[in-house]
Amino acid sequence: PMRTGVGIILLNNKNQVFVGKRKDNPGDKWQMPQGGVEDGEDFNAAMKRELHEETSIKNIEIIKEIEQMYEYELPKKLIGIIWGGKFRGQKQKWFITKFIGEENEINVDTEHPEFIEWKWIDIKDLPEVIVEFKKNLYLNLLKEIKSIID
């Protein structure tokens, strides 16, 4: 089965996108905030909770809730390891959001940190920074972002 999740495309006032370097994969790979939906939680609430849990960010505007659900599958070597072995991948509801806070609000050293570092990057660089098994997802998300900011 697939895990139900959310993803957050967070843009700054220069239309650069937020990415974090994962604590469990500290090589030169980066990703946008994402996470699972808890029982009884709607997508919007899950998105805000996950964003805050991973980045401490609360000050956002939602630009668009992407209608389509996107999926990715884990590589075989990670199936059975991630998420207690319950899922083979994720199906996600993604949101395009704008960060309207001050940069000092951003703090990835949270109670249960997922990221060890963060930065803003140009949206065109998204497919180059992500792990290979999420590359098609990020290519699709790049089209969604471009439809909003071009």
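Structural notes, computed from the coordinates. (Residues numbered from 1 in each chain as written. Predicted model: local features only at pLDDT ≥ 70, side-chain atom pairs only at ≥ 80, totals over all residues. Heavy atoms only, no water.)

Taken as a class, soluble globular proteins show a tendency for nonpolar side chains to be buried jointly. Counting 23 residues, the largest nonpolar core has I9, V17, M32, W94, L126, Y138 and L141 as its most contacted members. Counting residues per element, the ones that place at least two in this core are β1 (2-11), β2 (17-22), β5 (60-73), β6 (89-99), α2 (126-129) and α3 (135-149). Sort the elements by how many residues they give to this core and α3 lands first, with five residues. Setting aside anything within four residues of it in sequence, one finds L141 in contact with I9, M32, I66, Y70 and W94. If you look at the next biggest cluster of nonpolar residues, it comprises 15 residues, including A46, M47, I57 and W120. (Core = buried A, V, L, I, M, F, W, Y, C linked by side-chain atoms within 4.5 Å. Buried < 20%, exposed > 50% of the residue type's maximum accessible area, 1.4 Å probe, protein only. Helix = DSSP H or I, 4+ residues; strand = E, 2+ residues; numbered from the N terminus. Contact = heavy atoms within 4.5 Å.)

Another aspect to go through is the environment of M32. Counting through the fold element by element, M32 comes out in the loop between β3 (30-31) and β4 (34-36). Once the C-alpha coordinates of M32 and V17 are considered, the two residues, 15 residues apart in sequence, prove to be 8.0 Å apart. In contact with M32, other than residues within four places in its own chain, are I8, I9, V17, F18, V19, W94, F115, L126, Y138 and L141.

Let us now look at the side chain of Q34. Relative to the helices and strands, Q34 resides in strand β4. Among residues more than four places away in sequence, those in contact with Q34 are V6, G7, I8, E50, E54, Y72, Q90, Q92, W94 and K134.

Take the pattern of salt bridges next. Enumeration according to the criterion identifies twelve salt bridges in this entry. K135 is the salt-bridge partner of E128, the closest N and O atoms lying 3.9 Å from each other. Judged by its relative accessible area of 23%, K135 falls in the partly exposed class. Taken together, the salt bridges that share partners define one network made up of E38, E41, R49, E50 and E53. (Salt bridge = Lys/Arg side-chain N within 4 Å of Asp/Glu carboxyl O.)

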